[in-house]
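# Descriptive structure summary
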Amino acid sequence: MKKNIYCLLVAVLMSSVMYAQKTSLTVDSQTPGWLSSMINYEDQLSVKNLTVSGYINTEDLKFMGTLISGKSLKHLDLSEANIVYDNPNNNNTLKESTFAATGHMDFLSLPISLEETTHCFGYSTATYSSKYFLKVDTLEVGGKFMNVIEKGAFSFTNGRNSNCDIKHLILREGVDSIADYAFGKSTSNGVTPQLRSVSFPSTMKYIGKQAFYNCDSLFLSPIILPDSIEEIQREAFYSDNMEPLDTIILPKNLRSYTTSAFKWKNEQVIYLSENIETIENWIRYSGSSWDDYYDVWGYMVKNVEIHLKATTPPQITHTEYSSKYSLSHGLALEGCTAYVPVGCKDLYESTGYWKYATIIEEIFVEEISLNCSNKMYVGDKQQPMVTIIPSNALN
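Just so it is clear, the structure is predicted and the values come from calculations on it, not from any experiment.

## Some details on the sheet that holds strand S16 (residues 256–258)
Read from one edge of the open sheet, 7 strands run S9-S11-S13-S14-S16-S18-S22, paired in parallel fashion. Every interior strand has two partners, whereas the edge strands, strand S9 (148–149) and strand S22 (315–317), have only one. Relative to strand S11 (residues 177–178), S9 runs parallel, the two sharing 2 bridges. The residue of S11 that forms the bridge with Val 148 is Ser 177.

Listed below in C-alpha cells is the structure:
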C-alpha cells in the first residue's frame, strides 16, 4: 500500500515538473526561421513565459505572434536575440506589424541589439479601425544601438499624434533621447494612452515636444527624472486632464527648459539648478492667429516662484509670435518672484526680462542639527531643539 502511495506521489511530482516545463521555455535559435520546429505543439499551446536567444527572422516573429494571439504566451524575453533578414541592411530592425498579432502581453523585452522600430505593434486604417493591436503591460526597450525612441516606434497609426497601448515603459541604459510626439496624443486623434510609469535611464538627455502629451495615467504617481536630462521641450509632460503640480524640481544637469513642459498654475514653485541656460516662456494656447501665443510665466499664470542656483541669469527666449504680442506689453515674468544666489540680485534685475520679476537673494540651508536636552529611552517623548545654519536661510 505504502509503495502504491509513493508511486502516486512521484507521478504527481513528475506531472508538476512537466507542466512547469510547458509553461516556461528557453530556446536558443541558431537557425533563423526554425523556431516553430524547436517547440513541440503541446508546448506551443501552453507556454506562458518564453525566452528566445540567438538568431530569428520574420517567420519566427510571426510564429511568436500566433502564440500571443491564439495561445497562452504572456511573457516574452527577446533581449538576447538578433533579428536577421535576407537584406543585411535591415538586420536588427522591427517594421510595421512585425508580430502580426492582436492580443495582450504582461511583459515584452525587445532585443538589446535592436537599432530601429516603426509601428511594430500594429497599424490602423485611416478611420482608426485596427488590423493588428498588440497591448503590452510592461515594455523593455532600447540600449546603445537604439539610443533614440522615435516618433511612431510603438504606435498604431502613421499620424503625428499616434500612440501605443503600453502601461509601463522601461528604457535601458544607453537611451538618451525621446523624440517629439513619441508617446503623446492630441485630444481628437487615436487611442487614449495607457502609460502609467516610465523608468528613465541615467543616460537620458533629451525629452521632445509633446513626448508624453495627454498621457493622463502617467501623472497619477510622481515622475522621477534623472539628473542627466539636459533639455525638456514644450508640453512634454502636459495633460489637459491632470492636476497641475504644486512644486516641480527639475534635473540638476538641465540646460534648456520650456515653461509649458508641465501643466501650469498660479503660485507654482519651480526649482532650477545652476546649469540652466535658456528658458522658453511661451505657449500656443488656442486657435491659429498670432494673438493666441502667450507667455506662461507672467501672463497665463501669476505669482510663480522660480528658484535658481545659476549665477548667470538664464536667457528667456520666445518665438516671433509671442514677441509680437505679449512681450511688447511687458508681461514676461510680471508678478513672478525669482530667488537667486546671494550677490546676483543686481545682475538679474538688469538682465533681459528678469527685470519684470521680483528678485530676492536666497540664502540656502547648509546644516540642520537636532539637540535633545536629556537622554531618551524607548517610549519617551521629547521636543528637540532645531538649529538651522545659517539662521537667516530662506529655504
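## What to know about the environment of Thr 317
Note on placement: Thr 317 falls in strand S22. On the basis of relative accessible area, Thr 317 is assigned to the partly exposed category, the value being 23%. In sequence terms Thr 317 and Trp 282 are 35 residues apart; their C-alpha atoms lie 8.4 Å from each other. Excluding residues within four positions of it along the chain, Thr 317 makes contact with Thr 278, Ile 279, Glu 280, Asn 281 and Trp 282.

## What to know about the pairing of strand S10 (residues 166–171)
Across 5 bridges, strand S8 (residues 134–141) lies against S10 in parallel orientation. Looking across to S10, one finds that Glu 140 is bridged to Ile 170. Alignment of S10 against strand S12 (residues 197–199), held across 3 bridges, turns out to be parallel. Residue pairing across strands places Leu 169 opposite Val 198, the latter belonging to S12.

## Digging into the confidence of the model for the protein chain
Of all residues in the protein chain, 79% attain a pLDDT of 70 or more, and the chain-wide mean is 82. Here residues 12–20 is modelled with pLDDT under 50, and outside its nearest four sequence neighbours on either side it reaches 1 contact, counting other chains as well. Taken as a whole, residues 124–129 scores under 50 in pLDDT and shows 6 contacts with residues more than four places along the chain or in a different chain.

## Section: a nonpolar patch on the surface
A cluster of nonpolar side chains, contributed by Ile 368, Leu 370, Val 386 and Ile 388, occupies part of the molecular surface with about 400 Å² of accessible area. Elements supplying a minimum of two residues to the nonpolar patch: strand S25 (367–371) and strand S26 (385–389). Within the secondary structure, Ile 388 is located in strand S26.

## Examining the packing of aromatic side chains
Tallied over the full model, the rule gives 8 aromatic pairs. On the basis of an interplanar angle of 90° and a centroid distance of 6.2 Å, the ring pair of Phe 200 and Phe 212 is categorised as edge-to-face. Of this pair, Phe 200 sits in the loop between S12 and strand S13 (206–207) while Phe 212 sits in the loop between S13 and strand S14 (231–232), placing them 12 residues apart in sequence. Across the pair, Phe 212 and Phe 200 agree in class, each one buried. On the numbers, 5.3 Å between centres and 15° between planes, the contact of Phe 212 with Phe 237 is stacked. One end of the pair, Phe 212, is in the loop between S13 and S14; the other, Phe 237, is in the loop between S14 and strand S15 (247–249), and 25 residues separate them in sequence. The same class applies to Phe 212 as to Phe 237, namely buried. A network of ring pairs unites the aromatic residues Phe 183, Phe 200, Phe 212, Phe 237 and Phe 262 as a single cluster.

## Side note on helix H3 (residues 58–69)
The terminal C-alpha atoms of H3, which comprises 12 residues, lie 16 Å apart, in line with the 16 Å expected from a rise of 1.5 Å per residue. Those residues of H3 that fall on the buried side of the exposure criterion are Asp 60, Leu 61, Phe 63, Met 64, Gly 65, Leu 67 and Ile 68. Between the side-chain oxygen at the start of H3 and the backbone nitrogen of Glu 59 there is a gap of 3.1 Å, and the oxygen is on Asn 57.

Criteria and thresholds
Residues numbered from 1 in each chain as written. Predicted model: local features only at pLDDT ≥ 70, side-chain atom pairs only at ≥ 80, totals over all residues. Heavy atoms only, no water. Pairing = 2+ DSSP bridges. Helix = DSSP H or I, 4+ residues; strand = E, 2+ residues; numbered from the N terminus. Buried < 20%, exposed > 50% of the residue type's maximum accessible area, 1.4 Å probe, protein only. Contact = heavy atoms within 4.5 Å. pLDDT = per-residue confidence, 0-100. Patch = residues over 30% accessible without salt bridge, like charges linked within 9 Å, V, L, I, M, F, W, Y side chains within 5 Å. Areas by Shrake-Rupley, 256 points an atom, 1.4 Å probe, with all protein chains shown as cover. Salt bridge = Lys/Arg side-chain N within 4 Å of Asp/Glu carboxyl O. Phe/Tyr/Trp six-rings, centres within 6.5 Å; stacked < 30°, edge-to-face > 60°. Expected span 1.5 Å × (residues − 1). Polar contact = N/O pair within 3.5 Å; in protein donor to acceptor, adjacent residues only side chain to side chain.

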